Amino acid sequence: MMGDVASTLLSVRGLRIWAEPEGRRRTIVAGLDLDVGRGEAVGIVGESGSGKSLTARAIIRLLPDGVRSEGSILFEGTDLASLSEAEMRLVRGRRVSLMFQDPFTMLNPLLRCGEHILEMLPATGREERHVARSEMARRLREVGIDPDAVAPRYPFELSGGMRQRVALAAALARDPELLIADEPSTALDVTTQAEILELLRGIQRARRMGLILITHDLRVAFSICDRIYVLYAGNLLEVAGSHELEAAPLHPYTLGLLLSEPPVDRKLERLVPIPGSVSAPDDVADRCAFAPRCRWATDVCTTGRPLLAQVGPGRWSSCIRVHDIAGEMAALRERSLAPAPPSPPSHQPLLVVEGVSKTFIPGRGRHVEALRGVSIQIDDGESVGLVGESGSGKTTLGRCLVGLEEPDAGRISVAGIDASHAVRLSRSERSVLRRTVQMIFQDPYSTLNPRHSVGWTLAEALRTADAGLRGAALQRAVSALLERVGLPAAYATRRPAALSGGERQRVAIARALAVRPKLLVCDEPVSALDVSVQAQILNLFRRLQAESGIAYLFITHDLAVVRQVVDRLYVLYRGEVVEEGPADVVLDQPKHPYTRRLIASIPGVGGASAAIPGLGSEGST
Amino acid sequence: MKPEPASVPGAGAPPSAPSVRRTRPPIIVWIAFVIVGMVIVCALLGEWIAPYPPNEQHLMVGDAPPSARFLAGTDVLGRDVLSRTIVGARTALVGPIVIAAGAFAIATVLGLLSGYLGGGVDSVVMRWVDFMFALPGPLIAIVVVGVTGGGFWTAVLVMLILFTAPDTRIVRSAVLEQRPRPYVEAARTLGVSPLRIMFLHILPNILPILAAYVFLDFAFGLVSLAGLSFLGLGVPPGTPDWGRMIFENRSILFTNPVGLLLPAFAIVITAGSMNVIGDWIYERISAR
């Protein structure tokens, strides 16, 4: 059906994937058609639960136990679905290669990097060993690696970006015609991420290789793909060329994804989130999969499952109302770009950090200097960002502020109390401290005690602040907290396992709010959430600030997120603050070369992410 | 002790996990549950189930091989082996239950304090554990029980103390795994008291692991106590006890081998079943 590709390399028709735990069939992908042309880069974009990763595995027939698929997978005229396992082995690696998200688990920890490549190269005789070695060196150079330095090393000796390069070289060693890359850059730091994506794009073009890139990030897909398939709850909702999709999405879900990804170049008045969370494919089998969360859904959307229909040259959308609402969608996008008014400056310093240093000694004489004389200040009601990559010390600083770590040197003063050494504080000082600063953690899955109900957790937090609270008053306080973070009061009886990631993070925020803090330290609060849920949580943070004038310290690596919520910004690099100032000034006119590189590495912004000498992010992490 | 396949503690995988395994327990686990159930019934109702009073002597019969009247034959004093085996389930259960439960109660407190508080408390507890590990356990038990002439409960107490050391290590390592989790750190940030964090936050999360080890402790306790009884330590002479029966019936190995084999078999399948159940619980937890 998408026959405008000159020479089709892969053509998937009617792919269905399902799992059968205990005989109950659970749909994962409900019928998917996909074409990849020779030399074409195709993106499959979807949130968690959309079925994108299992689609990739179904193509190469590496589905996990208990998951089955049907449909035809024509690769150069051969139906991969009909091949025997032995024949399939001749296809994998040689003609179709797969690359995974986690560069560490993908490489055998006991094999040196060079051996990974040697193993994948076509078999050569004993006398040709030097031929193989020079071939291996050539392959490593192709992915930008110095073979003499890296080939004799083990994977654990390399940084994440280097490992992903080795993994790419191994995946390419047999010169496949099609490479499937499953979130190849997600586990990496922003600056490294940009390098890997650029490398992938360059190699794909140079080799005229087919590429299927699987990602949750539309901006990543825009930056390297020719065409994009938008997958949601096991259904294809939209197919279009990258540029067309970016300019004018023709499905409310794609628009929603675009709008909930905060732009990096401006602070918006309000992000437009997608309400709710991703449905299970079987719950929406008889209707438009996105109807439960769609602002334009009408009765017609729930009467049957709409099929992908051509709406323009090279464009398909499964929205039946696409022609009715195209104007409204464009208008919403226009409106959503309204910039936020600048927030009034505050005066009262709430937290002052002066020259704080912290060194970890993990043993065997090694020293890790996490913080080297960091000074920051946060005023009452102000929202401050702390930006840096992993290893920059940003999390350590956050943990020092709430007393989970103690600085070796320097002073932390919170609301006039010297909080540098929690053990030396009096009981009353400590309780003032706790009521002033609270923390939100990154991982929504372990931030709540899995053994206790939401209500129990919140009640405990409330009672640490006010031990006299009990009975009906306590219940009312719990309900009020839940409502403040946008959850129904009935959630109090639920266990964390019954909540989605976004809901858990809301409960975690409610728990922190229970002691009425003046400052929330948020350590990557949305980075583990789906894109559509991220915007909901960011809006919640902004609403809470407007309601109660709470101050924030946002610790993150994501500059677009930080722009949406903060007034001022500190850039942390290897334990030192290298740049600070109002967020728009730092982001629009960065002075320090590291800040510039951070900004340039955002997909779709910098383009040329020139590596700056002496600032390699490839150091040991 | 009833099989509850659907409600194993700790089987709460996040809803987004792609392959939630909720498989039924394998057949061997069912068999283990049935065997343990039978042993419990024997322990509770031994005298009513057994065909003869365990200490009744059928002097005219002597040590006879199995017959229609005595299904497992009789021992050298003319007592019914089957009846003694059935009633012997009581000491076989009570001792190991006290050992496993007691050792874990102590180990849980020590492990939580040591793992959560760290520092000096940790050093003291762990040095004590190291010291206990350096002792030759079975030998100590034999010496203590033998010298004091102590009997069954002394043997149980000695075993209980010996088991506390390895169990403390298990609890401590489970606590260390939970301690850096955000939910613990969030409670610390809120100012929740250390005792509350230990017993209301961490303990419920490590309980399934401990439950698995309690079963393994039971099995090991059963075998150890039976070993002491076999050496003539522990239960007083005349008590129907599996270990002691093996000891007493060595002499009739060739006239009535069942007198020795039946209690030995009982020990093996009871301990084995407990191991199977413990392993199964452990696997269920690790599969999360």
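Refer to the structure above for everything that follows.
The following paragraphs examine the structure supplied in this document. (Residues numbered from 1 in each chain as written. Chains lettered and ligands numbered in written order. Predicted model: local features only at pLDDT ≥ 70, side-chain atom pairs only at ≥ 80, totals over all residues.)

Below, the discussion takes up the overall build of chain B. Looking only at helices and strands, one finds ten helices and zero strands in chain B. The linear arrangement of helices and strands in chain B, starting from the amino end, is α-α-α-α-α-α-α-α-α-α. Taken along its principal axes, the extent of the C-alpha atoms in chain B is 75 × 50 × 25 Å. With 288 residues in all, chain B has 43% of them scored as buried. A fraction of 73% describes how many contacts in chain B between residues 6 or more apart in sequence connect residues 24 or more apart. (Helix = DSSP H or I, 4+ residues; strand = E, 2+ residues; numbered from the N terminus. Buried ≥ 20, exposed ≤ 12 C-beta atoms within 10 Å, placed from the backbone. Contact = placed C-beta atoms within 7 Å.)

From N to C terminus, chain A includes 20 helices and 22 strands. Relative to the compact-globule value of 25 Å for 621 residues, chain A shows a C-alpha radius of gyration of 26 Å, a close match. Once the C-alpha set of chain A is aligned to its principal axes, its extents read approximately 75 × 65 × 50 Å. When the 621 residues of chain A are sorted by exposure, 48% land in the buried category. (Rg over C-alpha atoms; globule rule 2.2 N^0.38 Å.)

Residues and elements named next belong to chain A. One open sheet accounts for six strands, arranged E18-E19-E20-E15-E21-E22; its pairing is mixed. Each end of this open sheet is capped by a strand with a single partner; those strands are strand E18 (437–440) and strand E22 (576–582). Across the sheet, the axes of successive neighbouring strands diverge by a mean angle of 15°, strand direction being ignored. Pairing between strand E15 (residues 383–387) and strand E21 (residues 568–573): four bridges, direction parallel. The partner of Val-387 across the bridge, within E21, is Val-571. (Pairing = 2+ DSSP bridges. Axes fitted to C-alpha atoms, helices over the stretch in contact; angles between N-to-C directions.)

What follows covers the packing of helix H14 (residues 454–465) of chain A against helix H16 (residues 501–513) of chain A. Residues and elements named next belong to chain A. At a closest axis distance of 8 Å, the pairing of H14 and H16 adopts a crossing angle of 20°. Between H14 and H16, the angle is such that the two are roughly parallel. When you trace H14 past H16, the crossing you get is right-handed. Judged by residue contacts, Val-454, Thr-457, Leu-458 and Ala-461 of H14 engage Val-507, Ala-510 and Arg-511 from H16. A class-by-class count of the residues in the contact of H14 with H16 yields five nonpolar, one polar and one charged. (Parallel < 35°, antiparallel > 145°, perpendicular 65-115°, else oblique. Left-handed = near helix turned anticlockwise from the far one by under 90°. Nonpolar A, V, L, I, M, F, W, Y, C, P; charged D, E, K, R; others polar.)

Here Ala-492 of chain A is to be found in the loop between helix H15 (471–484) and H16. Once residues within four sequence positions are removed from consideration, Ala-492 of chain A is found in contact with Ser-453, Val-454, Gly-455, Val-478, Ser-479 and Leu-482 of chain A.

Turning our eyes to something else, we now look at the packing of helix H5 (residues 137–148) of chain B against helix H6 (residues 152–178) of chain B. All names here are of chain B. Contact geometry of H5 with H6 gives a least axis separation of 10 Å together with a crossing angle of 150°. The angle between H5 and H6 places the two elements in the roughly antiparallel class. Here H5 runs over H6; the crossing is right-handed. Touching Gly-137, Ile-140, Ala-141, Val-144, Val-145 and Thr-148 of H5 are Thr-154, Ala-155, Val-158, Met-159 and Leu-162, all from H6.

Everything listed is a geometric property; what it means functionally is a separate question.
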